[in-house]
Amino acid sequence: VVTATRDDVTVAKPTTFADAVTVGTVVDIETLTGASAAVGSAQAGSGITMTAGAGDGDGNAGGALTLASGAGGGADAVASAGGIVLKTGATEQLALTPTTMTLKPNNVDVVTINENTVSIVKPTAFSEAVTVADISSPVGSSSAGSDMSVASGAGDGDGNNGGALTLGSGAGGGGAG
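Let me begin by describing the structure that accompanies this report.

Rules used in this analysis
- Residues numbered from 1 in each chain as written.
- Predicted model: local features only at pLDDT ≥ 70, side-chain atom pairs only at ≥ 80, totals over all residues.
- Heavy atoms only, no water.
- Helix = DSSP H or I, 4+ residues; strand = E, 2+ residues; numbered from the N terminus.
- Buried < 20%, exposed > 50% of the residue type's maximum accessible area, 1.4 Å probe, protein only.
- Areas by Shrake-Rupley, 256 points an atom, 1.4 Å probe, with all protein chains shown as cover.
- Pairing = 2+ DSSP bridges.
- Axes fitted to C-alpha atoms, helices over the stretch in contact; angles between N-to-C directions.
- Salt bridge = Lys/Arg side-chain N within 4 Å of Asp/Glu carboxyl O.
- Patch = residues over 30% accessible without salt bridge, like charges linked within 9 Å, V, L, I, M, F, W, Y side chains within 5 Å.
- Contact = heavy atoms within 4.5 Å.
- Polar contact = N/O pair within 3.5 Å; in protein donor to acceptor, adjacent residues only side chain to side chain.

## Here we look at the overall build of the chain
Then comes step 1: Secondary structure assignment for the chain yields one helix and seven strands.
Then comes step 2: Ordered by position from the N terminus, the helices and strands of the chain form the series β-β-α-β-β-β-β-β.
Then comes step 3: Relative to its 177 residues, the chain shows a buried fraction of 5%.
Then comes step 4: Summed over all atoms, the accessible surface of the chain reaches about 14,700 Å², with 52% contributed by carbon and sulfur.

And the structure:
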C-alpha cells in the first residue's frame, strides 16, 4: 500500500486526510476529490480548497496560485499543450487552451478571446460609454455591399417609447475645414 524510498513515498490506495496537508509541490495527480459519501453523509459533496501562502503583514506579498496544464511536445508544442477546464458540477464554464480562452456559462460559448480577436456571440449591454475606432459590418469593414444596422432600444408595447438614436461627428476645432 505504501512504498517509501530515500527519494519519495508512493501511496497506492485512496487516502483520506482528516486535517490540512501542506506540500511544497504536487506532481502527477490523476484525480483529486473531496470527501465522499462513504466518509459520512455530512462530508458528501465537500469542496477542495487550494490556497497559496498569505502575505505576512510585513510587506511580503502572498504567493501565487498556479494551475498549469501539461506542456505540448514536438514541432507545435504550444498548440499541443493541454488545456484547463473549469466546471461547476458537470457543466463547463471556462476553457483555457494555450491560444484561446472561452467563457461558457451553462456550457454555451459566449465570449472567445485569442491573441487577435474578442468574439461575443450574445447580446451585450454596456453600462458605461464605449469608445471604438471603427464600427464595421459583422463580415468586416472591407466587405462591399454588406448591411449593417445600428438600433436604439425598442419600445415595450406598454406605452414606453423606444430610445432615440443619435449619430454625431466630432466637434470642429476651429479654422478652415
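## Focus: the sheet that holds strand β4 (residues 91-96)
Then comes step 1: Read from one edge of the open sheet, five strands run β3-β4-β5-β6-β7, paired in antiparallel fashion. Unpaired on one side and paired on the other, β3 (84-88) and β7 (118-120) mark the two borders of the sheet. Across this sheet, the average inter-strand angle for adjacent strands is 15°, counted without regard to direction.
Then comes step 2: In this sheet, β4 lies alongside β3 in antiparallel orientation, the contact comprising five bridges. Across the sheet, the residue bridging to L86 is L94, located in β4.

## Considering the pairing of β4
Then comes step 1: Between the antiparallel neighbours β3 and β4 lie two residues, among them G89 with a positive phi of about 65°.
Then comes step 2: As paired strands, β4 and strand β5 (residues 100-103) are joined by three bridges and run antiparallel to one another. Counted as the bridge partner of A95 is T102 from β5.
Then comes step 3: Turn length for the β4-β5 hairpin, with the two strands adjacent in sequence and antiparallel, is three residues.

## Let's talk about the pattern of salt bridges
Any two side chains of opposite charge can pair, on the condition that their charged atoms come close.
Then comes step 1: Under the criterion given, the structure shown has three salt bridges.
Then comes step 2: We note a salt bridge from D7 to R6, for which the minimum N-O separation is 3.9 Å. Of the two residues examined, D7 and R6, each falls in the exposed class.
Then comes step 3: Shared partners join several salt bridges into a network, and the residues in it are E92, K104 and D109.

## Regarding a nonpolar patch on the surface
Then comes step 1: On the surface, F17, V21, V23, V26 and I29 cluster together into a nonpolar patch covering about 480 Å² of accessible area.
Then comes step 2: Assignment of secondary structure puts V21 in the loop between β2 (9-11) and α1 (77-80).
Then comes step 3: Given a relative accessible area of 47%, V21 falls into the partly exposed group.

## As for the side chain of T102
Then comes step 1: Structurally, the position occupied by T102 is in strand β5.
Then comes step 2: Residue classification places T102 among the buried positions, given a relative accessible area of 10%.
Then comes step 3: For T102, the contacting residues outside a window of four places in its chain are Q93, L94, A95, D109, V111 and T112.

## Details of unusual backbone geometry
Then comes step 1: The residue N106 is not glycine, and still its phi comes out positive at about 55°.
Then comes step 2: Position of N106 among the secondary structure elements: in the loop between β5 and β6 (111-114).
Then comes step 3: Here N107, not a glycine, exhibits a phi torsion of approximately 65°, which is positive.
Then comes step 4: Here N107 is to be found in the loop between β5 and β6.
Then comes step 5: Note on N107: relative accessible area 43%, which makes it partly exposed.

## A word on the pairing of β5
Then comes step 1: The pairing of β5 with β6 spans four bridges and is antiparallel. Residue pairing in the sheet places L103 in a bridge with V111 of β6.

## Some words on the side chain of E92
Then comes step 1: Checked against the element boundaries, E92 lands in strand β4.
Then comes step 2: A distance of 3.2 Å separates the side chain of E92 from the side chain of K104, its partner in a polar contact.
Then comes step 3: Non-local contacts of E92, meaning those with residues more than four positions away in its chain, are made with V85, L86, K87, K104, N106 and N107.

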